[in-house]
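What the coordinates show
If you want the building blocks of each chain, they are given just below.
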Amino acid sequence: MVDPVLDSGHLLQVLRQYPQPSHYLVAYSGGLDSHVLLHLMHELAGDLPTGFSAVHINHGIQDEAGRWQAHCETVCRELDIELAGITIDARSHGGAGPEAHARQLRYREFGAMMKKDTMLLTAHHRDDQAETLLYQLFRGSGPAGLAAMPACKTFGPGWHARPLLDFPREEIRRYAVSNGLQWIEDASNTDLGLDRNFIRHQVVPLLQARWPAAGRTLARAAEHQATASGLLKQLAQLDIDMARDDDDGSLRIDALRQLDDRRIANGLRYWLELNGAPVPGSAHIRHMIADIIHGRTDSEARVRWGGTEVRAHRGRLCLLETATGFDPRFNRDQRYNWDLSEELSLANGELRATRISGRGLSATALADHQVEVRFRRGGEKIKPAGRCHTRDLKKLLQEAGIEPWRRDHLPLIYLDDQLVVVPGLCVAEGYAAQDDQPGWEIQWHSENLAHQDADE
């Protein structure tokens with residue numbers, strides 16, 4: 001098969017296959033690939049359905065980053081192309097690899113620039129597809145990781161398109177040389193200490209020496225993986241819809257147990273992705289299945305990774321942030337005096353009180369008493385208004401279905417060492433507003449633990 005010839009006419013055909021945007025935004029690093037894409041867009045300016053501009057991200061990593069940005073500004077000025085220059089600090093990457101960290105920051109900036117129906121254009125080509133497949137293969141990725149980069153996908157309020165995916169790097173270089181383009185050569189691109197560079201300069205040439213069409217073949221294999229990944233997502237959607245608890249998005253463990261472990265694993269990965277959780281490793285998925293889904297229903301087993309944890313409660317699989325998602329400044333030994341006329345902000349949420357008639361905490365009962373907010377220590381008791389017996393707070397919380405890991409974070413309302421309100425559950429006998437009496441409706445608002453009115 002003969003590779004297509006790269007020219008402005010061919011690029012225009014590719015762009016016409018995508019949705020029609022309100023504006024094109026070209027990601028321009030100054031390197032070979034992005035310079036060719038920018039030049040092609042300039043050649044097409046009169047045939048495009050809308051205008052275009054460019055954006056350059058200065059990562060602040062290389063000593064020559066400032067010179068590269070100046071080069072991009074010069075090129076765009078000579079071509080009369082509007083350029084947005086953005087500087088970020090991608091030097092510190094914590095637990096992530098430097099390449100992944102820089103990419104994450106770069107796309108965050110791209111995303112911030114997207115407006116309705118904007119189309120971001122990046123210069124990924126066919127060899128990038130092949131290198132990405134090999135890189136993910138050596139990491140042990142499944143079909144989703146091995147899938148081809150899509151030619152066009154939604155991105156924020158617009159799209160992200162890769163119009164050069166049909167062309168090999170060699171053809172892109174031929175276009176650049178024949179048009180006399182001057183581009184930046186990043187010395188880090190030859191650093192074999194970086195995994196992608198090692199694959200590009202050592203692995204791929206070896207494969208192509210044995211199989212000249214290796215680049216095309218690997219790109220096609222990536223497309224097959226993309227198809228398989230799409231089918232697996234469709235299956236996962238069916239399984240998760242079957243198991244999902246519509247009230248809170250948790251999963252019913254009894255429903256998951258009807259599936260074989262491979263489908264459970266596939267569904268769990270999809271469920272976690274839908275909820276924006278970090279990608280778990282295979283070992284984490286295995287532990288979720290063995291220790292939680294197939295474990296004892298009363299097990300305290302949990303699986304933690306990346307600031308996230310999964311655990312069971314009342315037959316449901318629950319996803320939450322590690323340490324229950326509450327601010328680490330939370331201290332259950334703390335006490336707070338509270339003026340009900342003002343909102344009380346706590347480390348794990350907010351308390352609000354609203355004047356009301358005939359229910360809630362009696363305003364009369366508050367006379368000459370200081371309202372104090374405390375947290376559960378164990379052994380608390382309360383006699384709910386209208387009930388015959390005093391109850392253990394622990395039992396009330398269990399009956400209300402409040403998960404064990406959330407109970408200690410629920411604020412409790414006291415008057416002179418007497419527990420009088422459990423927000424969302426009850427008001428104590430003798431402290432509840434009667435018909436036509438003024439009262440305070442106490443509400444507890446937390447992203448992770450939301451309760452309704454105090455007298456429900």
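Every residue gets a number counted from 1 within its own chain, in the order that chain's sequence is written. Local features in this predicted model are restricted to residues of pLDDT 70 or higher, and side-chain atom pairs are both shown and tallied only at a pLDDT of 80 or more, whereas totals for entire chains, interfaces and linings draw on every residue. Values shown for side chains rest on all heavy atoms present in the structure; no hydrogens or waters enter the calculation.

**Regarding the packing of aromatic side chains**
Under the pairing criterion, centres of Phe, Tyr and Trp rings, with the six-membered ring standing for Trp, must be within 6.5 Å; the plane angle then separates stacked pairs below 30 degrees from edge-to-face pairs above 60, leaving the rest tilted. For the coordinates displayed, the defined rule picks out two aromatic pairs. Ring geometry for Tyr-107 against Phe-110: centres 5.3 Å apart, planes inclined by 90°, an arrangement best described as edge-to-face. Residue Tyr-107 and its partner Phe-110 are located together in helix 4 (residues 98-113), separated by three residues, close to a single helical turn. Using a relative accessible area of 3% as the deciding quantity, one classes Phe-110 as buried. With a centroid separation of 6.2 Å and an interplanar angle of 80°, the aromatic rings of Tyr-107 and Phe-155 are classed as edge-to-face. Of this pair, Tyr-107 sits in helix 4 while Phe-155 sits in strand 5 (residues 152-155), and the two are 48 residues apart along the sequence. Through a chain of ring-to-ring contacts, three or more aromatic side chains come together here, namely Tyr-107, Phe-110 and Phe-155. By the criterion adopted, a ring carries a charge over it if an Arg CZ or a Lys NZ lies within 6 Å of its centre and within 35 degrees of its normal. Its guanidinium or amino end placed over the ring of Tyr-107, Arg-103 lies 4.5 Å from that ring's centre, counting from NZ or CZ. Of note, Arg-196 hangs over the ring of Tyr-135, and the distance from its end group to the ring centre comes to 4.5 Å. Numbering of helices and strands starts at the N terminus; helices are DSSP runs of H or I of at least 4 residues and strands are runs of E of at least 2. Classification of residues uses two cut-offs on accessible area relative to the type maximum, computed with a 1.4 Å probe and protein chains only: under 20% is buried, over 50% is exposed, and between them is partly exposed.

**A word on the nonpolar core**
Core analysis: the largest hydrophobic core is formed by 35 residues, its most contacted members being Leu-15, Val-36, Leu-38, Met-41, Leu-121 and Leu-164. Here this core takes seven residues from helix 2 (residues 32-44), the largest share from any one element. Contacts between residues were defined by any pair of non-hydrogen atoms, one from each residue, lying within 4.5 Å. When sequence neighbours within four positions are dropped, the list of residues in contact with Leu-164 reads Leu-6, Leu-11, Asp-33, Leu-37, Leu-40, Ala-123, His-124, His-125, Arg-126 and Ile-172. By nonpolar core we mean a set of buried residues, namely Ala, Val, Leu, Ile, Met, Phe, Trp, Tyr and Cys, connected to one another through side-chain atoms within 4.5 Å. Membership of the second largest hydrophobic core comes to 33 residues, among which are Leu-393, Leu-425, Trp-440 and Trp-444.

**Regarding unusual backbone geometry**
The residue Asp-80 is not glycine, and still its phi comes out positive at about 60°. With respect to the helices, strands and loops of the structure, Asp-80 is situated in the loop between helix 3 (65-79) and strand 3 (83-87). One non-glycine residue with positive phi stands out, namely Asp-117, at about 65°. Tracing the chain through its elements places Asp-117 in the loop between helix 4 and strand 4 (118-121).

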